[in-house]
Each structure stands twice: as C-alpha cells, then as structure tokens.
Amino acid sequence: MARYTAAVEPAGERLDSPRGAPLTGLGWVDVQGRIAGARDYLVATTGPGGAPHVVPVLAVWVEGMVCFVTSRGARKSRNLARNSRCVVTVPGSDVDLVFEGVAGLVRDEGRLREIAGAFPVKYPWWHPFVRGGEFYDPADGGLDDPRYVYAVQPVQVFAFGKEDGFSATRWRFRTAPSSIANEGKTR
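Residues numbered from 1 in each chain as written. Predicted model: local features only at pLDDT ≥ 70, side-chain atom pairs only at ≥ 80, totals over all residues. Heavy atoms only, no water.

### Quick look at the overall build of the chain
Reasoning step 1: Broken down by element type, the chain carries three helices and 13 strands.
Reasoning step 2: Taking the intrachain contacts of the chain between residues at least 6 apart in sequence as the baseline, contacts between residues at least 24 apart amount to 68%. (Helix = DSSP H or I, 4+ residues; strand = E, 2+ residues; numbered from the N terminus. Contact = heavy atoms within 4.5 Å.)

Following this line, the structure appears as structure tokens:
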C-alpha cells in the first residue's frame with residue numbers, strides 16, 4: 001500500500017470538456033478540504049464476476065487517504081479481498097469528486113486509534129473504539145464483531161464541476177510507501 005505525501009503533491013490536469021464549458025478552478029488543497037469535510041461517501045467495488053457494487057459508507061480523511069469502516073462479512077469486504085481497487089465518490093452541490101484508488105486493510109493499532117478518533121469529530125453520534133488491535137462499533141453492544149478499516153490510497157482523483165456546464169480536472173498520484181495500511185493486502 002502506498003501513501004500520498006506532500007513531496008509528491010499532484011498538479012491538476014485539465015481534461016477535455018464540452019466546447020465552451022469552463023474547467024474546475026479547484027486546487028488540490030481545495031479538493032482535500034472537500035473530501036475531508038464531506039459527510040456523504042459512496043464506495044464502489046467489483047464483485048468476482050465483474051459486477052459493480054456501490055454503497056454509502058462513513059469515512060474520514062487521514063494522512064491523504066479516505067478511511068472507511070465495514071463489517072468483515074460485508075460484500076465490499078469480500079470484493080476488496082479479491083480486488084483492492086475501488087472508487088470513492090464524494091457528491092457536492094457544485095463539484096462532484098471521484099477518487100480512484102487502492103484499498104488496504106489497516107491493522108496497526110496506533111493507526112486504528114488515529115482513525116477511530118477522527119470519526120466522532122465528523123459524526124458526533126458515532127464513537128468507534130480500538131481494543132486488542134481490533135476496531136469496534138459501539139452500537140454493536142459487545143466485542144464479538146470487530147470491523148475492518150480500509151484506507152484508500154489515491155491513484156487519480158477527478159473533480160467534475162456542475163455550474164455553467166460540466167467541466168473536469170484530474171490529479172494523478174505518484175506514491176510512497178505507507179505506514180497506515182497493510183501493504184495493499186486486504187487479508
């Protein structure tokens with residue numbers, strides 16, 4: 001698993017747009033702020049026969065990656081075990097973001113604690129916790145159903161503007177070794 005670092009910050013690339021449509025004026029710093037501040041995220045994975053699977057998730061932005069939680073037996077977990085490539089979309093009123101990347105299972109207890117601490121900041125009603133290197137949902141009422149936490153390393157991110165016609169910008173990433181996820185393996 002690789003990780004975005006400031007040393008490899010991407011530059012926006014202008015994509016072909018319909019004639020006369022402006023390109024998004026967002027910089028990468030703005031895009032990161034929108035990803036971090038979003039409350040709605042959709043994760044798309046691919047099933048064993050190639051069928052797409054898209055579901056909403058709770059997510060946070062930690063160290064340049066989208067981090068989300070899922071139950072171990074969930075379809076998205078099974079899909080990521082076979083193919084770690086996924087897409088996270090972040091809808092917005094003026095710009096939609098499409099975050100293509102590789103999901104890695106986070107196993108490090110310190111990183112799990114960092115991610116757990118980010119959730120109540122965004123979602124005050126949810127306080128996941130880490131015990132014994134496992135991530136738990138407090139709503140489960142017990143310690144018999146730990147959750148997987150995935151960190152999605154960006155490969156490329158698109159911003160699609162919706163005002164005055166559609167427009168698009170892309171950021172491509174060069175990656176560096178990550179300490180947040182488990183070397184790209186999901187199990």
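### Focus on helix 3 (residues 109-122)
One turn of an α-helix holds 3.6 residues; hence residues three or four places apart share an orientation.
Reasoning step 1: Relative to the 20 Å expected for 14 residues at 1.5 Å per residue, helix 3 spans 21 Å between its end C-alpha atoms, a close match to the ideal helical length.
Reasoning step 2: Of the positions making up helix 3, those classed as buried are Arg111, Leu112, Ile115, Ala116, Phe119, Pro120 and Lys122.
Reasoning step 3: The N-cap residue of helix 3 is Asp108: its side-chain oxygen and the backbone nitrogen of Gly110 are 3.2 Å apart. (Expected span 1.5 Å × (residues − 1). Buried < 20%, exposed > 50% of the residue type's maximum accessible area, 1.4 Å probe, protein only. Polar contact = N/O pair within 3.5 Å; in protein donor to acceptor, adjacent residues only side chain to side chain.)

### Notes on the packing of aromatic side chains
Reasoning step 1: If you walk through the whole model with that rule in mind, you get twelve aromatic pairs.
Reasoning step 2: Between Trp28 and Phe173, the aromatic rings sit 5.1 Å apart at their centres with planes inclined by 70 degrees, giving edge-to-face as the arrangement. Taken together, the residues span a long stretch of sequence, with Trp28 in helix 1 (residues 28-37) and Phe173 in the loop between strand 12 (167-172) and strand 13 (176-177) at a distance of 145 residues.
Reasoning step 3: With a relative accessible area of 4%, Trp28 lands in the buried category. (Phe/Tyr/Trp six-rings, centres within 6.5 Å; stacked < 30°, edge-to-face > 60°.)

### Some words on the environment of Val31
Reasoning step 1: Inspection of the secondary structure puts Val31 in helix 1.
Reasoning step 2: A relative accessible area of 0% means that Val31 is categorised as buried.
Reasoning step 3: When the C-alpha atoms of Val31 and Phe158 are compared, they prove to be 9.4 Å apart, with 127 residues separating the residues in sequence.
Reasoning step 4: Excluding its chain neighbours within four sequence positions, the residues that come into contact with Val31 are Leu26, Leu97, Val157 and Trp171.

### Re the pattern of salt bridges
Reasoning step 1: According to the stated counting rule, one finds seven salt bridges in the structure shown.
Reasoning step 2: For the salt bridge of Lys162 with Asp96, the shortest nitrogen-to-oxygen distance reads 3.1 Å. Within this pair, whereas Lys162 is found in the loop between strand 11 (147-161) and strand 12, its partner Asp96 is found in strand 8 (residues 95-105), the two being separated by 66 residues in sequence.
Reasoning step 3: Overall, Lys162 belongs to the partly exposed group, its relative accessible area being 34%.
Reasoning step 4: Put simply, Arg113 and Glu109 hold a salt bridge, and the shortest N to O gap is 2.4 Å. Of this pair, Arg113 and Glu109 are both found in helix 3, four residues apart, which corresponds to roughly one turn of the helix.
Reasoning step 5: Judged by relative accessible area, which is 28%, Glu109 ranks as partly exposed. (Salt bridge = Lys/Arg side-chain N within 4 Å of Asp/Glu carboxyl O.)

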